[in-house]
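Fold and geometry: a report
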Amino acid sequence: MYTIPQIISIAKASQWMANQAAANGALYGSPVDPMLGVKLYVIRRDIELVYNLNPTYAGLQETSIYLLGLCNIAAAAFIVSGGGTVTPSQPNQFVYLIPITGADFYDATNYVDPRIVGESLQIFWNDVNRYLNTDEFESTAAGINILISGFDAILNPNYSLKIYIVNP
Amino acid sequence: MTENFSASQTIGVPNTIILTDTSTGTFDPAITDRKVYITDVAGNYITANGYFTVPTSTDWPVADLTVSIACLDNDMALQIRVDWLDVTNVVLYTKTILFDFEMYGLMGSFALTQALSSKPNTIQDANYWNNRIILTVNLDDANNAVTIGNNQFISQSALDRSTYMLANQQLYF
């Protein structure tokens, strides 16, 4: 059994649906009462105003059941069973490309950055113009460690690397 | 203090308007009394004691948050002015608001809907529905004239039409 506020909501949706149905075919043989939308408005208006003033006013229950009888049951399906609102989630800000230089390194081979900890990485070394192989660097608890023999960021602060976070 | 008030009606009591003081800010201790002036579209002053052509007010004691005034014998659009006075009756604050009171119309229209639910075949009566729609449009018109247009004459004219239809239901419904 629907409550009176639910019936009011159903009637509002039904009013729109009735007007759409009338506009789409009432004049071309479709069995739709072209005045149904207005009738729903007239009856629903009275019931809604009276309900807002006194929800227990005599006659409200009977008239709202009558109103429900004029409504489109399809409107009931999405007003009572579904509906509501969906709040879109705000995606987290993420970084997928981190350009660094030799000066950013903690020591000769270790680069510390919590943003890359635990991430799947690809590292492009501009100075040799290629991606590092997976055996040429390793992830550490604080960032990455470059394993290439002779790599020394302290001596070469102008090293230029780009760290890509894969599937951030 | 920012002076303000609201007006309402109770269903089942269409002859009475209820005013509520909704002023905000710190109450001004100089205020000792309130007076309510209600005027219709013809400029008459209306109180629970009747209509007056000279300024006539209803007292609204400061101690009372609300005041009920049984002054309506049909739906009306009314200018209501509330004056906040000091002990020498000097007006310290004043506020005027236009309202439409259509409880007679709402109750009459709802009664028609109740009758409709007991005589379902009426739903097919085109003449009945043409007049029901006119009645509803007049009531909506009266409300819109106040809330949108702030026009007492248009509102009262619409209420006069709805009042006539409900007073002569045998002609329309």
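Residues numbered from 1 in each chain as written. Chains lettered and ligands numbered in written order. Predicted model: local features only at pLDDT ≥ 70, side-chain atom pairs only at ≥ 80, totals over all residues. Heavy atoms only, no water.

**Here's the deal with the interface of chain B and chain A**
Tallying the contact residues gives 21 residues for chain B and 21 residues for chain A. For the pair chain B and chain A, the two sides together bury roughly 1900 Å², of which 73% comes from carbon and sulfur. Across the chain B-chain A interface, the total number found is 3 salt bridges. Among the salt bridges present, the one from Asp 46 of chain A reaches Arg 132 of chain B, with a minimum N-O distance of 3.0 Å. Counting the contacts that link chain B with chain A gives 6 residue pairs in polar contact (both at pLDDT 80 or more). For the side of chain B that touches chain A, the secondary structure elements donating two or more residues are helix H1 (103-118) and helix H2 (126-147) of chain B. Counting residues per element, the side of chain B that touches chain A draws most heavily on H1 of chain B, which supplies 9 residues. When its residues are assigned to classes, the side of chain B that touches chain A shows 11 nonpolar, 7 polar and 3 charged. (Contact = heavy atoms within 4.5 Å. Buried area = accessible area lost by both parts, 1.4 Å probe. Salt bridge = Lys/Arg side-chain N within 4 Å of Asp/Glu carboxyl O. Polar contact = N/O pair within 3.5 Å; in protein donor to acceptor, adjacent residues only side chain to side chain. Helix = DSSP H or I, 4+ residues; strand = E, 2+ residues; numbered from the N terminus. Nonpolar A, V, L, I, M, F, W, Y, C, P; charged D, E, K, R; others polar.)

**So, the packing of helix H2 (residues 36-53) of chain A against H1 of chain B**
Interhelical geometry of H2 of chain A versus H1 of chain B gives an angle of 120 degrees and a closest axis separation of 9 Å. The pairing of H2 of chain A with H1 of chain B is recorded here as oblique in orientation. Along this stretch, H2 of chain A crosses H1 of chain B, giving a crossing that reads as left-handed. Residue-level contacts link Ile 43, Asp 46, Ile 47, Leu 49, Val 50 and Leu 53 of chain A of H2 of chain A to Met 103, Leu 106, Ser 109, Phe 110, Thr 113 and Leu 116 of chain B of H1 of chain B. Taken together, the residues that form the contact of H2 of chain A with H1 of chain B break down as 9 nonpolar, 2 polar and 1 charged. (Axes fitted to C-alpha atoms, helices over the stretch in contact; angles between N-to-C directions. Parallel < 35°, antiparallel > 145°, perpendicular 65-115°, else oblique. Left-handed = near helix turned anticlockwise from the far one by under 90°.)

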